[in-house]
Amino acid sequence: MFKMLMPKLRVDTVFDINLEELYAQGYRGIITDLDNTLVGAKAPDATPELIEWFARVKKAGFKLMIVSNNNLNRVSLFATPLDIQFVHSARKPSNAPFRRAMKMMELTPDKTIVVGDQMLTDVYGGNRLGLHTVLVLPISIGDEGFMTRFNRRVERIALTSLRKKGLWLEEENKK
């Protein structure tokens, strides 16, 4: 079970993702979480650095979607000014929002990347469908809601087990 929580790649932030390398490997779409992946959970707008990253993503040839468990108001206010499509109230790790995003991008699992800060929602959900999963460090843990804080406790248990089995090495996130 815990192996399904293992991302294919671990990086500190979205800015550390090697877009050119992933494109060369055949990936064409990125599904990204919003809160604590792109901005802090309470940050209403994208930073200038993030806006520049979105431009790099599109210039590299990727389609981009935000899939968030947050509500329509939160996700729409963030994504609409940036002209980014989104799925809100996603109920990740359910398969449905990932499938919906891939359908909207007209892509298959083998061409799609999932980027997120949670193992229990983003990584597990993406791995269940065979997507290329990328785990980033959360931006602002202090702003997280009850369910996310609960998920973080479960993630700590999973990480302990993965470390004991030699499956989670700390230096791997520096790839």
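Residues numbered from 1 in each chain as written. Predicted model: local features only at pLDDT ≥ 70, side-chain atom pairs only at ≥ 80, totals over all residues. Heavy atoms only, no water.

A. Representation of helix α5 (residues 119-128) in the model. Burial of α5 is extensive: 8 of the 10 residues sit out of reach of the surface. Along α5, the residues classified as buried are Met-119, Leu-120, Thr-121, Asp-122, Val-123, Gly-125, Gly-126 and Asn-127. Phi turns positive one or two residues past the end of α5, at Gly-130, with a value near 80°. (Buried < 20%, exposed > 50% of the residue type's maximum accessible area, 1.4 Å probe, protein only. Helix = DSSP H or I, 4+ residues; strand = E, 2+ residues; numbered from the N terminus.)

B. Main features of the pairing of strand β5 (residues 112-116). Of all the 5 residues making up β5, 5 are buried; the element is thus mostly covered by neighbouring parts of the structure. Of the two faces of β5, the one lined by Thr-112, Val-114 and Gly-116 and the one lined by Ile-113 and Val-115 are each fully buried. With 4 bridges joining them, strand β2 (residues 29-32) and β5 adopt parallel strand pairing. Residue pairing in the sheet places Gly-29 in a bridge with Thr-112 of β5. Looking at chain direction, β5 and strand β6 (residues 132-136) are connected through 4 bridges and run parallel. Residue pairing across strands places Val-115 opposite Val-134, the latter belonging to β6. (Pairing = 2+ DSSP bridges.)

C. Highlighting unusual backbone geometry. Look at the link from Lys-92 to Pro-93: it is a cis peptide, with omega at 20°. Position of Pro-93 among the secondary structure elements: in the loop between β4 (85-87) and α4 (95-105). We note that Asp-83 has phi near 60°; this positive angle belongs to a residue other than glycine. Looking at the element boundaries, Asp-83 is found in the loop between α3 (72-79) and β4. When its relative accessible area of 66% is taken as the criterion, Asp-83 is described as exposed. Here the phi dihedral of Glu-106 falls at roughly 60°; this positive angle occurs in a residue that is not glycine. On the secondary structure map, Glu-106 appears in the loop between α4 and β5.

D. Representation of the nonpolar core in the model. Judged by nonpolar contacts, the single largest core of 28 residues is most densely connected at Ile-17, Leu-38, Leu-50, Trp-53, Phe-54, Ile-66 and Phe-78. Mapped by element, the contributors of at least two residues to this core are β1 (9-11), α1 (19-24), α2 (48-59), β3 (63-67), α3, β5 and β6. When residues in this core are grouped by element, the largest group, 4 residues, is from α2. Among all residues touching Phe-54, those that are not within four sequence positions of it are Leu-38, Ala-46, Leu-64, Phe-78, Leu-82 and Ile-84. Within the second largest apolar cluster, 13 residues are counted, among which are Met-65, Ala-90, Met-102 and Leu-107. (Core = buried A, V, L, I, M, F, W, Y, C linked by side-chain atoms within 4.5 Å. Contact = heavy atoms within 4.5 Å.)

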